[in-house]
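Now for the letters of each chain:
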Amino acid sequence: MKQRALAREVALKLLFARELGGAPTAEEVLEQSEAQTALDGPDELFMRELVEGVSGNQAALDEIIEAHAQGWALTRIAKVDLLILRLAVFELRYRLDIPTGATINEAVELAKRFGEEKSYRFVNGILGAVARAAPQIPDSRPQIPD
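Residues numbered from 1 in each chain as written. Predicted model: local features only at pLDDT ≥ 70, side-chain atom pairs only at ≥ 80, totals over all residues. Heavy atoms only, no water.

Undergrad: Which residues make up the overall build of the protein chain, and what values do they have?
TA: For the protein chain, the helix and strand inventory stands at seven helices and zero strands. Taken from the N to the C terminus, the helices and strands of the protein chain come in the order α-α-α-α-α-α-α. Looking at the protein chain as a whole, 42% of its 146 residues qualify as buried. Counting only contacts in the protein chain whose residues sit at least 6 apart along the sequence, the fraction spanning at least 24 positions is 70%. When the accessible area of the protein chain is evaluated, it comes to approximately 8,700 Å², of which 52% is carbon and sulfur surface. (Helix = DSSP H or I, 4+ residues; strand = E, 2+ residues; numbered from the N terminus. Buried < 20%, exposed > 50% of the residue type's maximum accessible area, 1.4 Å probe, protein only. Contact = heavy atoms within 4.5 Å. Areas by Shrake-Rupley, 256 points an atom, 1.4 Å probe, with all protein chains shown as cover.)

Undergrad: Requested: an account of the environment of Glu 91, with residues and values cited.
TA: By the secondary structure assignment, Glu 91 is in helix H5 (residues 79-94). For the pair Glu 91 and Glu 49, spaced 42 residues apart in sequence, the C-alpha to C-alpha distance is 10.0 Å. Here Glu 91 is in contact with Arg 8, Phe 46, Leu 50, Leu 96, Ile 98 and Thr 103, once residues within four sequence places are set aside.

Undergrad: Could you give me a rundown of helix H4 (residues 58-68), with the residues and numbers involved?
TA: When H4 is considered as a whole, its buried residues turn out to be Leu 61, Asp 62, Ile 64 and Ile 65. All buried residues of H4 lie within an arc of 160 degrees about the axis, which places them on one face of the element. Opposite the buried face of H4, by more than 90 degrees, sit the exposed residues Ala 59, Glu 63 and Ala 67. In this fold, the buried residues of H4 make contact with helix H3 (41-56), H5 and helix H7 (119-133). (Arc of directions from axis to C-beta.)

Undergrad: So what about the nonpolar core? Which residues, and what values?
TA: By size, the foremost hydrophobic cluster in this structure holds 40 residues, and its most contacted members are Met 47, Ile 84 and Leu 127. Where this core is concerned, the elements lending two or more residues are helix H1 (3-19), H3, H4, H5, helix H6 (100-114) and H7. (Core = buried A, V, L, I, M, F, W, Y, C linked by side-chain atoms within 4.5 Å.)

Undergrad: Quick rundown of the pattern of salt bridges? Include the residues and the values.
TA: Inspection of the entire model under this criterion finds 12 salt bridges. In this structure, Arg 4 and Asp 43 form a salt bridge, with 3.7 Å as the shortest nitrogen-oxygen distance. Within this pair, whereas Arg 4 is found in helix H1, its partner Asp 43 is found in helix H3, the two being separated by 39 residues in sequence. On the basis of relative accessible area, Asp 43 is assigned to the buried category, the value being 11%. Note that Arg 8 is salt-bridged to Glu 91, the shortest N-O span being 2.7 Å. Note that Arg 8 is positioned in helix H1 and Glu 91 in helix H5, a separation of 83 residues in sequence. With a relative accessible area of 2%, Glu 91 lands in the buried category. A cluster of three or more residues bridged by salt bridges with shared partners is formed by Glu 19, Asp 62, Lys 79 and Arg 86. (Salt bridge = Lys/Arg side-chain N within 4 Å of Asp/Glu carboxyl O.)

Printed below as a string of structure tokens:
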């Protein structure tokens, strides 16, 4: 498992535990995961940024998810799917250094591992809609005259 993928998994597990009223540390979650190694400095920082970013921006993230989850109230979305969506929407909106495709792919993989049978389709559909609706960043490459 790649370190960034592991960082996302640990972030998901920490957020899930907090949602259920627990307060494990990242180290405890790593021990319970199938991780062969601990997260290194940059990946541990990434994981902590995800957890803090999702926690600190939950209302805004939920608003975005709800706007794109047509016909689905947040209370109807499985908790793990909602947390995966929050993580991915946080990345899509606040971490512009991560390619959109990578964020969506990683979220789909998390949904396949931790969600229900069709979770990955649901997550992919909502994230695709969020990505299409995101403001486009203008191309910063210099224009070559014709």
